[in-house]
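Listed below are the residues making up each chain.
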Amino acid sequence: MRRLFVFLAFCGPFFWVATAWAAPVLFVESVAFDFGHIVQGEQVEYTFRFRNAGDELLEISQLRSSCGCTAALLSTPRLAPGTVGELQVKFDSHGFRGRVQEGHQFRYQ
């Protein structure tokens, strides 16, 4: 019994610290994509892949783009540790002229 108490007294804080540091970690394979040259009015799509590299459930509660010209569809709002999700992005170039870059970002929460 005494050995068990000594073991718990010595190792207990380490188990608590490991649990306290447990968290989801969002790992994105690619954070940007270049659609190249497209014709005005054309709609183009790309799918970003991401993974929960942490050791707790990853929950995405809000997803929004900075422009109405871009739509985003999330494969799932919850990812268990180690699982992969996808974000399908569609850009509608109707009404745009010239180079369009930056400023069209996605925000995750």
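In this text, all values refer to a predicted model and were calculated from it rather than measured experimentally.

## Details of the overall build of the protein
In terms of helices and strands, the protein carries one helix and eight strands. Along the protein, helices and strands appear, N-terminal first, in the series α-β-β-β-β-β-β-β-β. Across the 109 residues in the protein, those meeting the buried criterion constitute 16%. Put simply, of all contacts in the protein between residues at least 6 apart along the chain, 67% involve residues at least 24 apart. When the accessible area of the protein is evaluated, it comes to approximately 8500 Å², of which 57% is carbon and sulfur surface.

## Digging into the pattern of salt bridges
Side-chain pairing between opposite charges can occur once the charged atoms of the two side chains come close. For the coordinates displayed, the defined rule picks out four salt bridges. The closest approach of N and O atoms between Glu59 and Arg78, which form a salt bridge, is 3.4 Å. Of this pair, Glu59 sits in strand S3 (residues 58–59) while Arg78 sits in strand S6 (residues 78–79), placing them 19 residues apart in sequence. You can call Arg78 exposed: its relative accessible area is 52%. Bridged by salt links that share partners, the residues Glu29, Arg49 and Glu86 form one connected network.

## Notes on the pairing of strand S7 (residues 84–92)
Residues Gly85, Leu87, Val89 and Phe91 point to one face of S7 and are all buried, whereas Val84, Glu86, Gln88, Lys90 and Asp92, pointing to the other face, are not buried. As paired elements, strand S2 (residues 43–52) and S7 share nine bridges and run antiparallel to each other. Of the residues in S7, the one forming a bridge with Phe48 is Leu87. One ladder, built from five bridges, connects strand S5 (residues 70–74) with S7; its direction is antiparallel. The residue of S7 that forms the bridge with Thr70 is Phe91.

## Topic: the environment of Gln40
Its place among the elements puts Gln40 in the loop between strand S1 (26–28) and S2. A sequence separation of 58 residues divides Gln40 from Gly98, and the C-alpha atoms of the two residues are 9.0 Å apart. When residues no more than four places from it in sequence are discounted, the contact partners of Gln40 are Ser93, Gly95, Phe96 and Arg97.

## Considering the nonpolar core
In a soluble, globular protein the nonpolar side chains are often hidden away together inside. Judged by nonpolar contacts, Phe48, Phe50, Leu58, Ile60, Leu74, Leu79, Leu87 and Val89 together constitute the single largest core of eight residues. Mapped onto this core, the elements with two or more residues apiece are S2 and S7. Discounting chain neighbours no more than four positions away, the residues touching Leu58 are Pro24, Leu26, Asn52, Pro77, Arg78 and Leu79.

## Description of the packing of aromatic side chains
Scanning the model with the defined rule gives three aromatic pairs in all. On the basis of an interplanar angle of 15° and a centroid distance of 3.8 Å, the ring pair of Phe33 and Tyr46 is categorised as stacked. Highlighted residues: Phe33 in the loop between S1 and S2 and Tyr46 in strand S2, separated in sequence by 13 residues. The class of Phe33 is partly exposed, set by a relative accessible area of 38%. The class of Tyr46 is partly exposed, set by a relative accessible area of 25%. Members of the aromatic cluster, connected to one another through ring pairs, are Phe33, Phe35, Tyr46 and Phe48.

Reading the values: rules and limits
Position labels on residues start from 1 in each chain and follow its written sequence. With the structure being a predicted model, the display of local features is reserved for residues of pLDDT at least 70 and the display and counting of side-chain atom pairs for 80 or more, all residues being used for whole-chain, interface and lining totals. Values shown for side chains rest on all heavy atoms present in the structure; no hydrogens or waters enter the calculation. Numbered from the N terminus, helices here are DSSP runs of H or I no shorter than four residues, and strands are runs of E no shorter than two. Burial here depends on accessible area, computed with a 1.4 Å probe over protein chains only, as a share of the maximum for the residue type. Under 20% is buried, over 50% is exposed, and the range in between is partly exposed. Contacts are assigned to residue pairs with any non-hydrogen atoms lying within 4.5 Å of each other. Areas reported as accessible are Shrake-Rupley estimates using a 1.4 Å probe. Residue values count occlusion only from the protein chains shown. Each salt bridge in this description consists of a side-chain nitrogen of Lys or Arg and a carboxyl oxygen of Asp or Glu lying within 4 Å of one another. The pairing criterion for strands is at least two bridges between them, as found by DSSP. Take the buried residues of types Ala, Val, Leu, Ile, Met, Phe, Trp, Tyr and Cys, join any two whose side-chain atoms come within 4.5 Å, and each joined set is a nonpolar core. A pair of aromatic rings is counted whenever rings of Phe, Tyr or Trp (Trp by its six-membered ring) have centres within 6.5 Å, and the orientation is called stacked for planes under 30 degrees apart, edge-to-face for over 60 and tilted otherwise.

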